[in-house]
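Coordinates in review
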Amino acid sequence: MRIDDIYPAYNARHLNPNEVGASFIWSANFEKLIQNGHSVILGARGCGKTTLMKMLTIPALNSWRDKRASKIRKSIPFYAIYISTDIYWDVKNHTYSSQLEKFENFDQIISYFSVNSNVFTSLCDTFSYIIDEYELNDESKEIELCKALIEAWKLTQVIPKLVYIKEALNKRVDEVNQLVQQVIFNYKKGDIIPHPSYFNLNFETSVEAIIPIFERIYNLNDGKKWALCFDELEFAPLWLQQKLFRSLRSRKQFLLYKLSASPILSLELEKLLQSEYPATSGNDMQIIKMWNSGDNETFSSQIITSLLRKKFPGKKGIDFFGSNEVYNSSNLYTKGSSFFKKIIELAKKDPSFNDFLKDRNIDPNNPVINDKKLKDTIFRKIKPIVYFRDFYIDEISKNNNKVTYRSRKKGNELFFGLEVLSKICDGNPRWLIGIITSILLKSSESGAEKNLQFDELHSAALRFKNVIANIPIGNNTSYSLIDIMEKVGLYFKDQVLGEKFSMDPKGTFEVDSKEILLTDDIIFLLEKAISQGAIILVDSKDDNFDFRIRGKKFKLAYLLSLLYNLPLRSYPSVKLSECLRGIKQVNQKTLFD
C-alpha cells in the first residue's frame, strides 16, 4: 500500500484543473504562490502542493467559485505552465536501471528528452488556454505559431495546429521508447547509437525563444510573465532539480519558476544552494512551507464547512460535529465548570496530580486560583493532560505508583468535534476530505455522532500506520520504520498517561546530532517518514531550506495521536535516542548495541 492509497479519490494528481478549481479553498499559502516572483513550495505528500500548483492554470482559476476568484483571475501576474513530474524521467534510477549502464550517457539523454517533451506538451496546453481565454482564435496565427514550434522542436510532417503538435510530440516519445528497447536488446557496448537532432533540445532555451514569438503573433502585450510550474520535484532526476534551483538565481526576466518538493532537500542541492552565488529566500524567491502555515486550522475548518454545506445546506460545523471542551475555551476555568470537576476527580485517584496541585498552593478539593494570569497559565497547560488522564486512568496506587487503566476501547469522548477535526490532519487536505466525506456519508441531518467520528478517525489512523509499515526502505537498513514510530508513540504515551503527572510532558523529539547516538540507518528511515507526513518538522525557519534532520525537532502527525492516546498538542522535546532506547532488533540486544 502506498501513502496515496489512503484516500486516492482525493488526490489532485488525478484531477484535471477544472475539477481542482471547482472545489478549491483559498489559503494564505495560495496568496503567497500567486505573487510576482519565484516560489518553492515544500511539504509532505498529500499536503496540497499539487492542488496549489494546478490552481495557477487558467482552467482552474476559471472554475473557481470564490469571492476572491474574479480579482485574482484579473490580477495574477503570470501565465502558468503546469508540469507534473513523471517518475520515469529519472531513467537511471527508476526506468531502465542497469540496462543502459554500458551505453555511457544514453540514459541521461533519454532523461533530458523525456523532460523536454513534457514541457513542450504543457506549453502547448497553456497556449491553447490563453487563446480560448482571450478569444484569440485565428487560423492564420495558429499556423504561424505552429510552424515556429515545428521548426524549433524539429518535428516533421505535422499539420500546423496545436492539437497535431501535441500528437506529434507524443508519437515521438513512443518512437524513442522503441529505440530504447532496441538498444537494450540489440546493441553492444561500443556500438554507435542513433542520435536524432531533437536529442540536443533544451527546454529552457526553447521556452525562452518560443514565448516571445507567441506574444508577437497574438499581439499579447498585457505585461504578464510566464511561470514554469514543476510539481513534485522529489521524483525528478537530480540534474533537473539542480537546473531548476539554479534557475531561481538568474534566468530571463519574463520567466518565473514555481517549484514544489519534499520538506527536506537532498544534500546535493545543499551544495548547490550554499555555493558562491546561491538563490536566497527573500531576495530571489519565496519559500512556502506547508506545515508551517499559521492558518492550517482555519483552512481545515473551511474545508469541513464546504463539504458539510454540500451535503447538508445550512448546517453549521460546530452544531453538526459538536465542540470538544478539551480544546475549546468556553467558560472552563471557573468553579463548577466541567474542567473544575475533572480536576477534583483526577486528584482523588492520581496522587502525583494531587501533589502537583498542593505544590502550587491549589486545593485539590476546591481548585480555585484567584490570580487570573497564573490561572490561565497553569490551567491552559494542564487542561488536555487532565482530561486524558481522567479518561484513561482508573487508579494509581499510593504504595507503588502502579497505574491501572480503564478498559476503554474508544476515546470517543476525546477525539470528536470541530476543534479535533480541524487539527487532526495537520492541514493535509487529502486526508481531511476523505475523513469528513466518510463521516457525512454515514450521518443523518441531525449531526455526526461521537462514536462515528472516532471510528472514522481511528480507521484513518490505522490505515496510515499500515502505509508507514509498508513504505519501501530497500535493503540498506535492518531497522523497521514502524518500530521506530511505535517506540516514539509509546514513549510519549507514557509521558502523558504514566505514573507521574507532568505539566510539561515530552511530546516532540530532537534528532540526535551524533551518529554514535543515532545511526545513519535511522536517519534514512526518518527522511522517509518526513516525506510521507508521518513526522513533521516543528522548528523550521520560514526563510531557509532544510537539508539535514540531525539537530532538528519533530512531532508525530496528529493523526497518529489516536493510536497512542495523545492530546493534539506539541509538548517539549526529548532526544530521539532516549525515545528509542530499548528497541530490540534481530541479532542485537538493543538498537544501540
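Above this note sits the structure.
Only a predicted model underlies this, so the values are computations on that prediction, with no experimental measurement involved. (Residues numbered from 1 in each chain as written. Predicted model: local features only at pLDDT ≥ 70, side-chain atom pairs only at ≥ 80, totals over all residues. Heavy atoms only, no water.)

1. Description of the overall build of the protein chain
When helices and strands are tallied, the protein chain shows 24 helices and 11 strands. Considering only C-alpha atoms, the protein chain reaches an extent of 90 × 60 × 45 Å along its principal axes. Relative to all contacts within the protein chain whose residues are 6 or more apart in sequence, the contacts with residues 24 or more apart total 76%. For the protein chain, the separation between the mean place of its 82 positive charges and that of its 72 negative charges on side chains is 4 Å. (Helix = DSSP H or I, 4+ residues; strand = E, 2+ residues; numbered from the N terminus. Contact = heavy atoms within 4.5 Å. Lys, Arg positive; Asp, Glu negative; His and termini not counted. Charge placed at Lys NZ, Arg CZ, Asp CG, Glu CD.)

2. With respect to the side chain of E270
On the secondary structure map, E270 appears in helix α12 (residues 267-273). Looking at E270, the relative accessible area reads 11%, which means it is buried. At a separation of 3.0 Å, a polar atom in the side chain of E270 contacts the side chain of R548. Excluding residues within four positions of it along the chain, E270 makes contact with F547 and R548. (Buried < 20%, exposed > 50% of the residue type's maximum accessible area, 1.4 Å probe, protein only. Polar contact = N/O pair within 3.5 Å; in protein donor to acceptor, adjacent residues only side chain to side chain.)

3. Regarding helix α8 (residues 139-152)
Across its 14 residues, α8 extends 20 Å between first and last C-alpha, which sits within 8% of the 20 Å expected from 1.5 Å per residue. Inspection of α8 places E142, L145, C146, A148, L149 and I150 among the buried residues, and these make up the whole buried set. Elements that come into contact with the buried residues of α8 comprise α7 (106-133), α9 (162-186) and α10 (203-217). K154 lies just past α8 and shows a positive phi near 55°. (Expected span 1.5 Å × (residues − 1).)

4. Describing the packing of aromatic side chains
Taken as a whole and assessed by the stated rule, the structure comprises 31 aromatic pairs. Pairing F113 with Y198 gives two aromatic rings, centres 5.8 Å apart and planes at 40°, and the pair type is tilted. You can see F113 sitting in helix α7 and its partner Y198 sitting in the loop between α9 and α10, a full 85 residues away along the chain. Exposure remark for F113: the relative accessible area of 5% places this residue in the buried category. Clustering of aromatic rings is evident, with ring pairs tying together Y79, F127, Y134, F214, Y218 and W226. The ring of W26 carries R68 above its face, with NZ or CZ at 4.2 Å from the centroid. The lysine or arginine in question, K555, covers the ring of Y558, its NZ or CZ lying 3.4 Å from the ring centre. (Phe/Tyr/Trp six-rings, centres within 6.5 Å; stacked < 30°, edge-to-face > 60°. Lys NZ or Arg CZ within 6 Å of the ring centre and 35° of its normal.)

5. As for the nonpolar core
Nonpolar side chains tend toward joint burial in soluble globular proteins. In terms of nonpolar packing, the biggest core is built from 170 residues, with W153, F230, F245 and F321 touching the most fellow members. Broken down by element, this core gets its largest block of residues, 12 residues, from α7. When sequence neighbours within four positions are dropped, the list of residues in contact with F321 reads I304, L308, F416, G417, L418, L421, I436, I439, L440, A448 and Q453. Formed by 27 residues, the second largest nonpolar core is a distinct cluster that contains V20, W26, C47 and L52. (Core = buried A, V, L, I, M, F, W, Y, C linked by side-chain atoms within 4.5 Å.)

6. A look at unusual backbone geometry
Non-glycine residue N219 carries a positive phi angle of around 50°. Residue position: N219 is located in the loop between α10 and β3 (225-231). Positioned with a positive phi, D426 is a non-glycine residue whose angle comes to about 50°. Along the polypeptide, D426 turns up in the loop between α18 (418-423) and α19 (429-441).

7. Examining the sheet that holds β3
Pairing in this open sheet of five strands is parallel, and the strands run β2-β3-β4-β1-β5 from one edge to the other. In this open sheet, the two strands that pair with only one neighbour each are β2 (78-84) and β5 (285-289). Across this sheet, the average inter-strand angle for adjacent strands is 15°, counted without regard to direction. Pairing between β3 and strand β4 (residues 255-261): five bridges, direction parallel. Each bridged residue has a counterpart across the sheet, and for C229 the counterpart in β4 is K258. Its contacts with the sheet place α7 against β2 and β3, and it is angled at close to 140° to β2. Sitting on the sheet, helix α11 (residues 238-247) is in contact with β1 (38-42), β3 and β4, with an inclination near 130° to β4. (Pairing = 2+ DSSP bridges. Axes fitted to C-alpha atoms, helices over the stretch in contact; angles between N-to-C directions.)

8. Regarding the sheet that holds strand β9 (residues 535-537)
The strand order across the open sheet built from four strands is β9-β10-β8-β11, with neighbouring strands paired in mixed fashion. At either margin of the open sheet sits one strand with a lone partner, and together these are β9 and β11 (573-575). Across this sheet, the average inter-strand angle for adjacent strands is 35°, counted without regard to direction. Bridge count for strand β8 (residues 508-510) against strand β10 (residues 553-556) is two bridges, and the pairing is antiparallel. Residue E510 lies in a different strand from β10, and its bridge partner there is K553. Sheet contacts for helix α21 (residues 481-497): β8, β9, β10 and β11; angle to β10, the most-contacted strand, approximately 85°.

9. Some thoughts on empty space enclosed by the protein
This structure, assessed with the given rule, holds two cavities of 30 Å³ or more. The space that makes up the largest cavity amounts to roughly 190 Å³. Every residue lining the largest cavity is counted, 17 residues in all, and those nearest its centre are A44, C47, W291, G533 and I536. Among the elements that line the lining of the largest cavity, the one with the most residues is β9, at three residues. Quantified by volume, the second largest cavity comes out at close to 130 Å³. As for the second largest cavity, its lining consists of F492, V496, K506, G507, K555, L556, Y558, S561, L566, P567, R569 and Y571. Only α21 and β10 provide two or more residues apiece to the lining of the second largest cavity. When its residues are assigned to classes, the lining of the second largest cavity shows seven nonpolar, two polar and three charged. (1 Å grid on protein atoms, 1.4 Å probe; cavity = no way out; pocket = protein on both sides within 12 Å on 5 of 7 lines; lining within 4 Å. Points joined across faces, edges and corners; volume = space filled by probe spheres on them. Nonpolar A, V, L, I, M, F, W, Y, C, P; charged D, E, K, R; others polar.)

10. Focus on the packing of helix α20 (residues 450-469) against α21
Running from N to C, α20 and α21 point in directions that differ by 135°, and their axes come no closer than 8 Å. Viewed along their axes, α20 and α21 adopt a mutual orientation that is oblique. On α21, the residues touching K465, I468 and A469 of α20 are L481, I482, M485 and E486. Split into classes, the residues belonging to the contact of α20 with α21 amount to five nonpolar, no polar and two charged. (Parallel < 35°, antiparallel > 145°, perpendicular 65-115°, else oblique.)

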